[in-house]
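Chains, contacts and geometry: an overview
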Amino acid sequence: MATTGTAGATAAPTATPHPRPEAAARWMLPVLLTGQAMAAMDTAIVNVAAPALQADLGLSGAALQLAVAGYGLAYAVFLITGARLGDDHGYKRLFLLGGILFTVSSLACGLAPSAGVLVAGRIAQGVGAALLVPQVLSLIQRSFDGPAKARAIGAYSMILGLGATAGQLLGGLAVALDIGGSSWRAAFLIQVPVGIAVILAARGVVPALKGEVRRALDLIGVVALSASMLAVVVPLTFGRETGWPVWTWALLAAGLAGLWAFWAYERRLTLADGATSPLLDIHAILTPGIRAGLAVVVIGFVGYGGWLFCAALYIQTGLGYSAAISGLVFAAYAAGFGIANLKWSKLPPRLLTWTPAAACAAMAAANLAFAAIALSAGWVGWAMVPLLFLAGSAHGLGFGTAVNRMTTRIAPAHAPALSGLVTTATQLSIVIGIAALGALYLAVAGPLATGASAGPAIAAVTATIAVGALGALAGAIRLATLPVAGESR
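Some points on the overall build of the protein chain
In terms of helices and strands, the protein chain carries 17 helices and 2 strands. Principal axes of the C-alpha set define a box for the protein chain whose edges measure 65 × 55 × 50 Å. Taken over 489 residues, the protein chain has a buried fraction of 55%. Computed over 25 positive and 14 negative side-chain charges, the separation of the two mean positions in the protein chain equals 6 Å.

So this is what it looks like as structure tokens:
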């Protein structure tokens, strides 16, 4: 919709870069990013606790899958709705509401006496995260400007991307320590004091900003998007383990058709410019360069999801190393991703224009080199660990700078739409990467996935990631060559 008011709209504070008292400004970003880190880590924090959790509560296979995946399902489904609610009702209010729901449901999960309570708590955690996380990028875009915004987006990108890896490490540590005999419960309970601290701090340091107008909520869009996203994410989450029965393909097709219908409805609602505004601001997507930037985000995180799943299979099942060694090896990718996002904001603006393209090329080269070594020589740690670091660095550099580039192109009024799109694209792409590239690995490796078959399997995965990175390179070039108002070229 246009940035002017719609019928029945009520005025709200102007959302421009917002001057804050020095103390509040200093603490705002750490508080926002701590909240985001809680939500990002919970995507995978329970994975390593699953065996202990199943033994303690006597979960069936289906209940265990729901306990692990229920969070991610609810999180992915409601992210765009959470972004829109923040724009209408205030980013701070939704950040606090999401934080409260996430913290209370974490406590419920940690104290859960039964499988039903645990699954319900996980779904509630996901809804809370979906309300909280989109407000972070919206607040960054509307509270920072220039180099300060670039640094903030770098930190935001690092945490959004490394959440799953950090969650696995933290969950494993919590279960291993078994504080007070808490076993798997500690993986949830450690979130509670952090959540309380974030909620209390956010009340004083997060600015009370919102969109220029408050609009009637597009309830049809909410229902259509939620149902369609659920229909897409459920088969991608459970299809591989169930052997891809007919219902998974039928549900996936229905979900994709539903997303197309949602897009058509939102476009028609945008053009009508009536009292109800669209859930997803189509003008944000149609802004030149946004779709190209989202392509860079999607392809990068599809590859990340593939690495996250397949690296563990390759190193543990294929090569016979322990889970600890597997975690340390994959930490090279995570370290590269994090370091790149902490450093790219110091690059000159002219270089930042082309950094996403250079990062996509480097990502393709690192993955191709990894594939070549795996095929020709098997596991060569001294070469492959640095290549993992390079692949992670390229991914982090491409993601962070592409998001930064998109925020310079988009009007402040469209910030919530961009935030919802980026966070949804990230979560959905990880799920797609695990499902698609995991299926590719297992298809090439065969049922045993050990010994000689492991090398060709990981080579097939990394070569596919490289091809995807070359595809993202086209989007990154378009993102760089489209002019931005006021930018010298």
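We are not done yet, so read on.
As for the pattern of salt bridges
In a structure, side chains of opposite charge can pair up when their charged atoms sit close to one another. Evaluated as defined, the whole model comprises 5 salt bridges. One salt bridge connects R84 with D88, and the closest N-O pair in it is separated by 2.6 Å. One end of the pair is R84 and the other is D88, both in helix α3 (residues 61-89) and 4 residues apart, which spans about a single turn. You can call D88 buried: its relative accessible area is 2%.

A closer look at a nonpolar patch on the surface
Where nonpolar side chains cluster on the molecular surface, the patch consists of L173, L177 and I179 and spans about 320 Å² of accessible area. As for its placement among the helices and strands, I179 is situated in the loop between α6 (146-177) and α7 (186-189).

Brief notes about the nonpolar core
By size, the foremost hydrophobic cluster in this structure holds 119 residues, and its most contacted members are Y314, M406, V422 and Y441. Per element, the largest residue contribution to this core is 14 residues, and it comes from helix α12 (residues 290-318). In this view, V422 contacts Y156, L160, L294, V297, F399, V403 and M406; residues no more than four positions away in its chain are not counted. Counting residues in each nonpolar core, the second largest holds 15 residues, with L64, C109, L118 and F188 among its members.

Quick notes on the side chain of T355
Position of T355 relative to the elements: it lies in helix α14 (residues 349-376). Overall, the relative accessible area of 7% leaves T355 in the buried class. From its side chain, T355 meets the backbone oxygen of L351 in a polar contact 2.7 Å long. If near-sequence neighbours (up to four positions away) are discounted, T355 is found in contact with L347, L397 and T401.

Thoughts on the packing of α3 against helix α9 (residues 219-242)
Contact geometry for α3 and α9: axes closest at 9 Å, N-to-C directions at 150°. Considering the angle they form, α3 stands roughly antiparallel to α9. At the point where α3 passes α9, the crossing takes the right-handed sense. Residues Q65, L66, A69, L73, A76, V77, F78, I80 and T81 of α3 form the contact with α9, whose own contacting residues are V222, L225, S226, M229, L230, V233, V234, T237, F238 and E241.

With respect to the packing of aromatic side chains
By convention here, two paired aromatic rings are described through the distance between centres and the angle between planes. Applying the stated rule across the entire model yields 14 aromatic pairs. Consider the rings of Y71 and F102, whose centres lie 6.4 Å apart with planes at 75°: the pair is edge-to-face. In this pair, Y71 is assigned in helix α3 and F102 in helix α4 (residues 91-110), connecting sequence segments 31 residues apart. No difference in accessibility class separates Y71 from F102, as the two residues are buried. Three or more aromatic residues joined by ring pairs make a cluster, and in this case those are F301, Y304, W307, F330, Y333, F337, F370 and F399.

Focus on the confidence of the model for the protein chain
In the predicted model, the protein chain carries a mean pLDDT of 86, and the fraction of residues at 70 or more is 91%. Note that pLDDT drops below 50 for residues 1-17; the model gives that stretch 42 contacts with residues more than four away or on any other chain.

A look at α3
The terminal C-alpha atoms of α3 lie 40 Å apart, and with 29 residues this matches the ideal 42 Å at 1.5 Å per residue to within 8%. The largest bend in α3 amounts to roughly 50° and is located at F78. Note on α3: the residue one or two positions beyond its end, G90, has a positive phi of about 110°.

What counts and what doesn't
Residues numbered from 1 in each chain as written. Predicted model: local features only at pLDDT ≥ 70, side-chain atom pairs only at ≥ 80, totals over all residues. Heavy atoms only, no water. Helix = DSSP H or I, 4+ residues; strand = E, 2+ residues; numbered from the N terminus. Buried < 20%, exposed > 50% of the residue type's maximum accessible area, 1.4 Å probe, protein only. Lys, Arg positive; Asp, Glu negative; His and termini not counted. Charge placed at Lys NZ, Arg CZ, Asp CG, Glu CD. Salt bridge = Lys/Arg side-chain N within 4 Å of Asp/Glu carboxyl O. Patch = residues over 30% accessible without salt bridge, like charges linked within 9 Å, V, L, I, M, F, W, Y side chains within 5 Å. Areas by Shrake-Rupley, 256 points an atom, 1.4 Å probe, with all protein chains shown as cover. Core = buried A, V, L, I, M, F, W, Y, C linked by side-chain atoms within 4.5 Å. Contact = heavy atoms within 4.5 Å. Polar contact = N/O pair within 3.5 Å; in protein donor to acceptor, adjacent residues only side chain to side chain. Axes fitted to C-alpha atoms, helices over the stretch in contact; angles between N-to-C directions. Parallel < 35°, antiparallel > 145°, perpendicular 65-115°, else oblique. Left-handed = near helix turned anticlockwise from the far one by under 90°. Phe/Tyr/Trp six-rings, centres within 6.5 Å; stacked < 30°, edge-to-face > 60°. pLDDT = per-residue confidence, 0-100. Expected span 1.5 Å × (residues − 1). Bend = angle between axes of the 7 residues up to and from the residue.

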